Amino acid sequence: MRKKFIAGNWKMYTSSITAEMLASSVVKLLGDETRLQVAVCPPFPFLARVASVVKGTAVALGAQNCYPKDEGAFTGEVSPTMLLDVGCQYVILGHSERRQKMAETDAFINEKVHAALKAGLKVILCIGETLDERKANRTEAVLDTQLVGSLAKIAAEQLKNITIAYEPVWAIGTGVNATPQQAQDAHAFVRQRVGGLCGAESAKELIIQYGGSVKPDNAATLLGQADVDGALVGGASLKAEDFLAIVRAGIC
Ligand code: PGA
């Protein structure tokens, strides 16, 4: 039985004060709910502050990126061990905004996945097609390439520390979400493909989140699909009430 996992990607939003307030509200509204896993992923500068708010609660902490080395002369970068040190359990890798705006490749993302797992972090690995790719009927080919590249040399037993977030690029921040059927079709494909790469047994347990304009009013139908095991929420995670409404939609 896969436990649903709802994560909030705060992107480059919040301030030290509003990050702390948002985290406190999420903690308060969630209470001791353990039927699903919940995480918040603030910007780097606020991780420590949010860590002190969520410590010992049902809310886990995640970061939005890392560099694939433990330490070194990498000005401006943050290592997986530093994230662990500050209290992170999760790190989001391969987000489409980084793939597109920072030109991250599957090979580089794969290095990060290995480094993060080695340090003891759990990975939320994002994949997804653009609108042009979907229109050209290339969705599965794109997901296939991203999975093969970013999961290279990942063993079956490592998969339990990886969540895949299927995030169609055309749905991110646009207010246009994938239909439940589009999400289900993509998720079923991802599970089958990961099964081919890492073994069908471990793929059965794989948590696959949907991301892209998840809101309180569409969360229940998306999360009701057989292979949709959670959500990676951007905009709606910046309001505690909306985020918690999505969390509640995942409790069945
Ligand atoms: P959105 O972002 O919910 O604002 O569409 C999702 C994401 O980028 O993870």
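Anyway, here's the lowdown on the structure attached to this text. Just so we're clear, the structure is a prediction, and the values are computed from it rather than from any experiment.

**A short note on the pattern of salt bridges**
Alright, step 1. Taken as a whole, this structure holds 13 salt bridges when the rule is applied.
Alright, step 2. The salt bridge involving Glu129 is made with Arg134; its shortest N-O contact spans 2.8 Å.
Alright, step 3. By relative accessible area, which is 22% here, Arg134 ends up partly exposed.
Alright, step 4. A single salt-bridge network, built from bridges that share partners, covers Arg2, Arg191, Asp227 and Asp229.

**Side note on the nonpolar core**
Alright, step 1. Counting residues in hydrophobic clusters, the biggest one holds 68 residues, and the most contacted among them are Ile162 and Ile164.
Alright, step 2. Formed by 12 residues, the second largest nonpolar core is a distinct cluster that contains Tyr90, Ile92, Cys126 and Ala165.

**Regarding the packing of aromatic side chains**
Alright, step 1. Evaluation of the coordinates by the stated rule reveals four aromatic pairs.
Alright, step 2. With 6.0 Å between their ring centres and 65° between their planes, Tyr67 and Phe108 make a pair best called edge-to-face. Of the two residues, Tyr67 is situated in the loop between strand 3 (59–63) and helix 3 (80–85) and Phe108 in helix 5 (residues 106–119); the sequence distance between them amounts to 41 residues.
Alright, step 3. Phe108 gets classed as partly exposed once you look at its relative accessible area, which sits at 24%.

**Focus on the layout of surface pockets**
Alright, step 1. Estimates place the volume of the largest pocket at around 560 Å³.
Alright, step 2. What lines the largest pocket is a set of 18 residues, among which Lys11, Met12, Gln64, Arg98 and Met102 lie closest to the centre.
Alright, step 3. The element that contributes the greatest number of residues to the lining of the largest pocket is helix 4 (residues 96–101), accounting for three residues.
Alright, step 4. Across the lining of the largest pocket, the residue classes break down as eight nonpolar, five polar and five charged.
Alright, step 5. Its boundaries defined by the atoms lining it, the second largest pocket holds a volume of some 270 Å³.
Alright, step 6. Taken together, 16 residues make up the lining of the second largest pocket; nearest its centre are Lys3, Lys160, Thr163, Glu205 and Ile207.

**Points about the site of the ligand**
Alright, step 1. With respect to spatial proximity, 13 residues lie near the ligand, and among them Lys11, His95, Glu167, Gly173 and Ser213 are the closest.
Alright, step 2. Interatomic distance of 2.7 Å between a side-chain N/O atom of Lys11 and an oxygen atom of the ligand.
Alright, step 3. Within the backbone of Gly235, one N or O atom sits 2.8 Å away from an oxygen atom of the ligand.
Alright, step 4. Protein chains bury 97% of the 290 Å² of accessible surface belonging to the ligand in isolation.
Alright, step 5. When the residues that make up the shell around the ligand are grouped by side-chain class, the tally is four nonpolar, seven polar and two charged.

**With respect to the sheet that holds strand 7 (residues 207–211)**
Alright, step 1. Reading around the barrel, the eight strands line up as 1-2-3-4-5-6-7-8 and close back on themselves, with parallel pairing between neighbours. Taken over all neighbouring pairs, the strand axes of this sheet differ in orientation by 25° on average, direction set aside.
Alright, step 2. Where strand 7 meets strand 8 (residues 230–233), three bridges bridge the pair, whose relative direction is parallel. In the strand pairing of strand 8, Tyr210 is matched with Ala231.

**Some details on the pairing of strand 4 (residues 90–93)**
Note on strand geometry: in a regular strand, side chains alternate between the two faces of the sheet.
Alright, step 1. Because side chains alternate across strand 4, one face comprises the buried residues Tyr90 and Ile92, and the other comprises Val91 and Leu93, equally buried.
Alright, step 2. Taken together, the two bridges between strand 3 and strand 4 define a ladder with parallel strand orientation. In the sheet register, Ala63 faces strand 4, and the bridge partner there is Val91.
Alright, step 3. Crossover strand 3 to strand 4 through helix 3 is right-handed.
Alright, step 4. Here four bridges tie strand 4 to strand 5 (residues 122–127), and the two strands are oriented parallel to one another. In the strand pairing of strand 5, Leu93 is matched with Leu125.

Reading guide: rules and limits
- The residue numbers shown here count from 1 along each chain, following its written sequence.
- It should be noted that, the model being predicted, local features are given only for residues of pLDDT at least 70 and side-chain atom pairs only at 80 or more, the latter also being counted only at that level, while totals for whole chains, interfaces and linings use all residues.
- Hydrogens are left out, water is left out, and the side-chain values use all remaining heavy atoms of the structure.
- By convention in these notes, a salt bridge is any Lys or Arg side-chain nitrogen within 4 Å of a carboxyl oxygen on Asp or Glu.
- Buried means the residue's accessible area, taken with a 1.4 Å probe over protein chains only, is under 20% of the maximum for its type, while exposed means over 50%, and partly exposed covers the values in between.
- Think of a nonpolar core as a cluster: buried Ala, Val, Leu, Ile, Met, Phe, Trp, Tyr and Cys residues, connected wherever their side-chain atoms sit within 4.5 Å.
- Here a Phe, Tyr or Trp ring, Trp counted by its six-membered ring, pairs with any other such ring whose centre lies within 6.5 Å, and the pair is stacked when the planes are under 30 degrees apart, edge-to-face when over 60, and tilted otherwise.
- Numbered from the N terminus, helices here are DSSP runs of H or I no shorter than four residues, and strands are runs of E no shorter than two.
- Both cavities and pockets are sets of points on a 1 Å grid over the protein atoms alone; in a cavity a 1.4 Å probe fits but cannot get out, in a pocket the set is open with protein on both sides within 12 Å along at least five of seven lines, and lining residues sit with an atom within 4 Å of a point.
- Grid points are joined across faces, edges and corners, and a volume is the space filled by probe spheres set on the points.
- Residues are sorted three ways: Asp, Glu, Lys and Arg are charged, Ala, Val, Leu, Ile, Met, Phe, Trp, Tyr, Cys and Pro are nonpolar, and all the rest, Gly among them, are polar.
- Note on definitions. A residue lies near a molecule or strand when any single heavy atom of the residue is within 4 Å of it.
- Definition of a polar contact: a pair of N or O atoms within 3.5 Å, with one able to donate and the other able to accept a hydrogen when the atoms are protein atoms, and with sequence-neighbouring residues admitted only if both atoms are side-chain atoms.
- Residue exposure ignores everything except the shown protein chains as possible cover, and the areas themselves are Shrake-Rupley values with a 1.4 Å probe.
- Think of it this way: DSSP has to see at least two bridges between two strands before they count as a pair.
- With axes taken as lines fitted to C-alpha atoms, and helix axes fitted only over the stretch in contact, angles between N-to-C directions fall between 0 and 180 degrees.
- Here is how to tell: hold the view so the strands point away, follow the path from the first strand over the helix to the second, and if it runs clockwise the crossover is right-handed.

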